[in-house]
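So you can see what is in the structure, the chains are spelled out below.
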Amino acid sequence: MNRTLLGFIRKELIQSLRDPRMKFLLFVVPCVQMTLFGVAVSNEVKNIRLAAIYDSKDYVMRDIYQRAIAGKWFLPADPSTEQDPFKLIQSGKADAVLIAPPGGLTRGIGRGNAPIQLLADATNVLQGQAVENYLKIIIAQVVKDDLKISSPPPPIQFDLRVLYNPSLETAIFMVPGVMCTLMVMTTMMLAMVAIVREKEMGTFETLISAPVSRAEVIYGKTIPYVILGMSNLPLVLSVAIFIFHVPMRGSLLVLCLAAFVFICTCVAMGTLISTFCKNQQQASLASFLFMFPAMMFSGLMFPLENMPPAIKWIAYLDPLAHYMGLLRNIMLKGGGFNYVVLHVSVLAVMALVCILVSFRRFHTTLQ
Amino acid sequence: MTERFNWKRTRAMAKKEAFHILRDPYTLALALGMPIFMVVIYGLAIDFNVKNIALAVTDSDQTQSSRRLIDTFGSSKYFLIKSARSPLEAQNDVASEQARATLIIPPEFEKDLHSGRTAQIQMLLDGADSSTVGPVAGYVGGIQAIASKRLANFDPPSPYQIRTRFLFNPELNSRWFVVPGLTVVVMAILSILLTALTVAREWENGSMELLLSTPVQPLEIIIGKLTPYGLLCIIAVTSVFIIARTVFGVPFEGNIFVFGAGCLLFLVTYLAQGLLISVVTRNQQVAMQFSMLTGFLPSQLLSGFIFPIASMPIFFRYFTMIFPARWFMKIARDTFLKGSDLPSLLAPFLALSLICIWMIRQSTRKFKRDLER
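Reading the values: rules and limits
Residues numbered from 1 in each chain as written. Chains lettered and ligands numbered in written order. Predicted model: local features only at pLDDT ≥ 70, side-chain atom pairs only at ≥ 80, totals over all residues. Helix = DSSP H or I, 4+ residues; strand = E, 2+ residues; numbered from the N terminus. Rg over C-alpha atoms; globule rule 2.2 N^0.38 Å. Buried ≥ 20, exposed ≤ 12 C-beta atoms within 10 Å, placed from the backbone. Contact = placed C-beta atoms within 7 Å. Pairing = 2+ DSSP bridges. Axes fitted to C-alpha atoms, helices over the stretch in contact; angles between N-to-C directions. Right-handed = clockwise from strand over helix to strand, strands pointing away. Domains from an automatic or database assignment. Core = buried A, V, L, I, M, F, W, Y, C linked by C-beta atoms within 7 Å. pLDDT = per-residue confidence, 0-100. Nonpolar A, V, L, I, M, F, W, Y, C, P; charged D, E, K, R; others polar. Parallel < 35°, antiparallel > 145°, perpendicular 65-115°, else oblique. Left-handed = near helix turned anticlockwise from the far one by under 90°. Arc of directions from axis to C-beta. Expected span 1.5 Å × (residues − 1). Bend = angle between axes of the 7 residues up to and from the residue.

With that settled, consider the overall build of chain A. Counting secondary structure elements, chain A contains 14 helices and 5 strands. Compactness check: chain A gives a C-alpha radius of gyration of 28 Å against a globular reference of 21 Å for 367 residues, more than 25% above the reference. Evaluated residue by residue, chain A yields a buried proportion of 50% over its 367 residues. Here the analysis covers contacts within chain A between residues at least 6 apart in sequence; of these, 77% occur between residues at least 24 apart.

Next up on the list: the sheet that holds strand β3 (residues 96–99) of chain A. With mixed pairing, the 5 strands of this open sheet are ordered in space as β2(A)-β1(A)-β3(A)-β4(A)-β5(B). Looking at strand neighbours, the two that pair on one side only are β2 (74–76) of chain A together with β5 (161–167) of chain B, the edges of this open sheet. Across the sheet, the mean angle from the axis of one strand to that of its neighbour is 30 degrees, orientation sign disregarded. Where strand β1 (residues 48–53) of chain A lies against β2(A), 3 bridges are found, and the strand directions are parallel. Following the sheet pairing, Leu50(A) is matched in β2(A) by Pro76(A).

Here the focus is the pairing of β1(A). A regular strand carries its side chains on alternate faces of the sheet. All names here are of chain A. Running through helix α3 (residues 59–70), the crossover from β1 to the neighbouring parallel element β2 is right-handed. Where β1 and β3 come together, 4 bridges link them in parallel fashion. Bridged to Ile53 within β3 is Ile99.

Another point: the domain arrangement of chain B. According to the domain assignment, chain B contains domain 1 (7–46 + 172–372) and domain 2 (53–152). Just the C-alpha atoms count here: the centres of domain 1 of chain B and domain 2 of chain B sit 48 Å apart.

Okay, the domain arrangement of chain A next. Assigned domains of chain A: these are domain 1 (3–41 + 168–366) and domain 2 (48–147). Centre-to-centre separation of domain 1 of chain A and domain 2 of chain A, based on C-alpha positions: 48 Å.

Read from one edge to the other, the open sheet built from 5 strands follows the order β5(A)-β4(B)-β3(B)-β1(B)-β2(B), with strand pairing classed as mixed. Every interior strand has two partners, whereas the edge strands, β5 (156–163) of chain A together with β2 (79–83) of chain B, have only one. Adjacent strand axes in the sheet meet at a mean angle of 25 degrees, parallel and antiparallel pairs treated alike. With 8 bridges connecting them, β5(A) and strand β4 (residues 119–126) of chain B associate as parallel partners. Pairing of Val162(A) across the sheet is with Leu125(B), part of β4(B). Most of the contacts of helix α6 (residues 130–152) of chain B go to β5(A), to which it runs at about 165 degrees, and overall it touches β5 of chain A together with β1 (53–59), β3 (101–105) and β4 of chain B.

With that settled, the discussion passes to the nonpolar core. One recurring pattern in soluble globular proteins: nonpolar side chains tend to sit buried together. Judged by nonpolar contacts, the single largest core of 208 residues is most densely connected at Leu50(A), Ala96(A), Val175(A), Met179(A), Val186(B) and Met187(B). Top element by residues in this core is helix α7 (residues 170–201) of chain A. It accounts for 21 residues. If we ignore the near neighbours within four places in the chain, the residues touching Leu50(A) are Ala68(A), Ile69(A), Phe74(A), Pro76(A), Ala77(A), Ala94(A), Asp95(A), Ala96(A) and Leu98(A). Membership of the second largest hydrophobic core comes to 31 residues, among which are Val57(B), Ile121(B), Ile143(B) and Ala147(B).

In this section: the confidence of the model for chain B. Within chain B, residue pLDDT values average 86, and 98% of them lie at 70 or more. The ipTM assigned to the predicted complex is 0.79, against a pTM of 0.83.

Counting residues at the interface gives 96 residues for chain A and 91 residues for chain B. Counted by class, the side of chain A that touches chain B contains 54 nonpolar, 29 polar and 13 charged residues. Relative to β5(B), strand β4 (residues 115–121) of chain A runs parallel, the two sharing 7 bridges. Bridging across to β5(B), Ala120(A) finds its partner in Phe166(B).

Residue and element names in this part refer to chain B. Pairing of β1 with β2 involves 5 bridges; the strand directions are parallel. Bridge pairing links Ala56 to Lys82 in β2. For the segment spanning β1, helix α3 (residues 64–74) and β2, crossover handedness is right-handed.

A few words now on the packing of helix α9 (residues 218–246) of chain B against helix α10 (residues 256–281) of chain B. Residues and elements named next belong to chain B. Axis separation between α9 and α10 bottoms out at 10 Å; the angle between their running directions is 135 degrees. The pairing of α9 with α10 is recorded here as oblique in orientation. With respect to the hand of their crossing, α9 and α10 are arranged in right-handed fashion. Here Ile222, Leu226, Tyr229, Gly230, Cys233 and Val237 of α9 come into contact with α10, specifically with Cys263, Leu267, Leu271 and Leu275. Looking at the contact of α9 with α10 residue by residue, the classes come out as 9 nonpolar, 1 polar and no charged.

Checked against the element boundaries, Phe349(B) lands in helix α14 (residues 346–372). Measuring from C-alpha to C-alpha, the distance between Phe349(B) and Ser76(B) comes to 45 Å, with 273 residues separating the pair along the chain.

A separate point is the environment of Phe158(A). Structurally, Phe158(A) is set in strand β5. With 161 residues separating them along the chain, Phe158(A) and Pro319(A) place their C-alpha atoms 37 Å apart. Residues contacting Phe158(A), with those up to four places away along its chain left out, are Ile121(B), Met123(B), Val140(B) and Gln144(B).

Residue and element names in this part refer to chain B. Within α3 the residues assigned to the buried category are Ser65, Ser66, Leu69, Thr72 and Phe73. Buried residues of α3 fall within an arc of 115 degrees about the axis and therefore sit on the same side. Elements in contact with the buried residues of α3: β1, β2, β3, α5 (109–114) and α6.

What follows covers the environment of Ser344(B). Inspection of the secondary structure assignment puts Ser344(B) in the loop between α13 (324–338) and α14. With 18 C-beta atoms packed within 10 Å, Ser344(B) lands in the partly exposed category. Sequence separation between Ser344(B) and Phe257(B) is 87 residues, and the spatial gap between their C-alpha atoms is 14 Å. Residue contacts for Ser344(B): discarding those within four places in its chain leaves Ser91(A) and Gly92(A).

Attention shifts here to the packing of α3(B) against α6(B). Residue and element names in this part refer to chain B. Two numbers describe how α3 lies on α6: the axes approach to 10 Å, and their chain directions differ by 145 degrees. Pair α3 / α6 crosses with right-handed handedness. Note on element contacts: α6 touches α3 through Ile143, Ile146, Ala147, Arg150 and Leu151, opposite Ser65, Arg68, Leu69, Thr72 and Phe73. For the contact of α3 with α6, a count of residues per class yields 6 nonpolar, 2 polar and 2 charged.

This next bit is on unusual backbone geometry. Residue and element names in this part refer to chain B. For Glu97, which is not a glycine, the phi torsion comes out positive at approximately 65 degrees. The topology assignment puts Glu97 in the loop between α4 (87–95) and β3. In the Ramachandran plot, Arg282 falls in the positive-phi region, its phi being about 55 degrees despite a non-glycine side chain. Its place among the elements puts Arg282 in the loop between α10 and α11 (284–301).

All names here are of chain B. In this model, helix α7 (residues 174–205) (32 residues) spans 46 Å end to end at C-alpha, consistent with the 46 Å of a helix rising 1.5 Å per residue. Leu182 marks where α7 bends most, by close to 25 degrees. Taken across its 32 residues, α7 has 29 buried, putting it largely inside the fold. Trailing α7 by a residue or two, Gly206 shows a phi angle of about 80 degrees, which is positive.

What follows is the structure, encoded as structure tokens:
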């Protein structure tokens, strides 16, 4: 490596780390954020406030309600004077109301006609679905236990087993996702803003007139951010492994390689986007414009399987989606060779294309 | 020195800032184009009803019954069947992300079924993608009932029926859930980012000192600088609202003024927060990272936008209260879908006002104190 480039990288590193707040933002904040989001964010629905309307003699219904409250999914709704179940939900005092059939559930089952009504607040779609599923399970159990109705078991039984994360710890699923969101934020945006700032201040012209080649300028402006991004990796990784006990089934080396390629892709994309921006404000907006769909198509918040094919292809262009898949695959499943090679090479190709295009654009903008 | 607040000077400031925005069509396009783009993409792409789950099937029985069982899965529209030669291959498909679940039909399946024994079928689910595990387990229950009926004529009458009514969103339309929340996210991003950056830029360039040495009062500077960005945010949120209503048919049950009041309150809070960030950081790069951390991420992850607050650990249920986005999320969703009125949204409005007042106080104070130094 030549000395100009080394000097350039040193200068850039010193410049970005000079501000103590930047150090804090780069190294402390990601760990704190990961801990916060890892603990807080989960797509499991819990603590649903449930109310039930039934006669005090209706013991099956009472048992259903009590069993529901005793579990971790439901909480008793605010016991108030409100009797209208619709208003109870409308006013936000309850998320779901269970209403016994007329004449009571206990007698209704005896007659073989017992329509139990369930009103669920579906403003949150996920919660609405979960309420119904949870209550179905609870009601079936209670009816079986209380009334000793032993209907013959269905002739086909499915033995469900969950691989890789048998206790369904959400942190194990979410933490790799949060990790890669944080990594893209720090690396890509830093690189982008650093380049645009030179442009904005007019120091880019000075740089060009200096005896450095274009390649040196570009590498000198990007490599430091790859280094910064990589130095972040052990931190966030240890938070994932030691605090959240995310298993590390694959090889650490493969993970580092994947992270390296991903960070290069991010920085390359940042460089490319920055060639389109005149000032830092534009750069920030552009990076948001990138981040938002990137997060959305990454599979962190929404299942990718569901997207219509016309839109799903965007996910193939999303480096976050590839990296998120890689992280989960390597950490949780041990990293299949073909899978890792495929997605790492996709990321690498993206990085290459971005760098090549930015080279060209630098060329034309400087003329 | 204590000159009165002058509207004319404020207007001039605002006008200058507006020209600044208009002169830079790039910023303008991003600020207005981004929200529209987001709503359209979100509206088209988001669906929480998990479908098209790739299911790797190994059929060791190869009988009519086993084929009908596979067909039951295939015709349910939830599963995409992908055949695998051996159980091991099926499991490898899961390991290499080719499949989300496996279905392994044992060799004696039809025999068991016909002789009245219970036929055990193993299914492995991919726990690395926990968003599909829950739904798959739910679907399998339904398929068990259908398959038992189709293959073995097993259909005992249930002693009870559950009739679920999903209030406010009877068809569980994911769009109705996501798009109202998007108004919050859009506003959060634009307001905090734009103000933090513009004001930080003035500090960074040293032009803030210049401005302050002129007879313009600090308050006039603040209001003058922020008003155009506030307007930009209002335009953005209005366009999101219109697209939501017209293109995606999201209902709006509540009072538009209640929603509007919530919008304004939220906007002012975030503008003040942006100002605070810029005064504290005085550097665009740091300001951007801070607005990311305190504006973008919380408004997406800790506001209840996707991940329900009630499911969070107890600490976070209280911790999220300091984020204005959480309160406005409640206001936006409830006015859109539930048609809530002001009295029932008293708590979020109160909380939002408190945060708003605190933010304004902090930012103007900090701004003034920095001047005196």
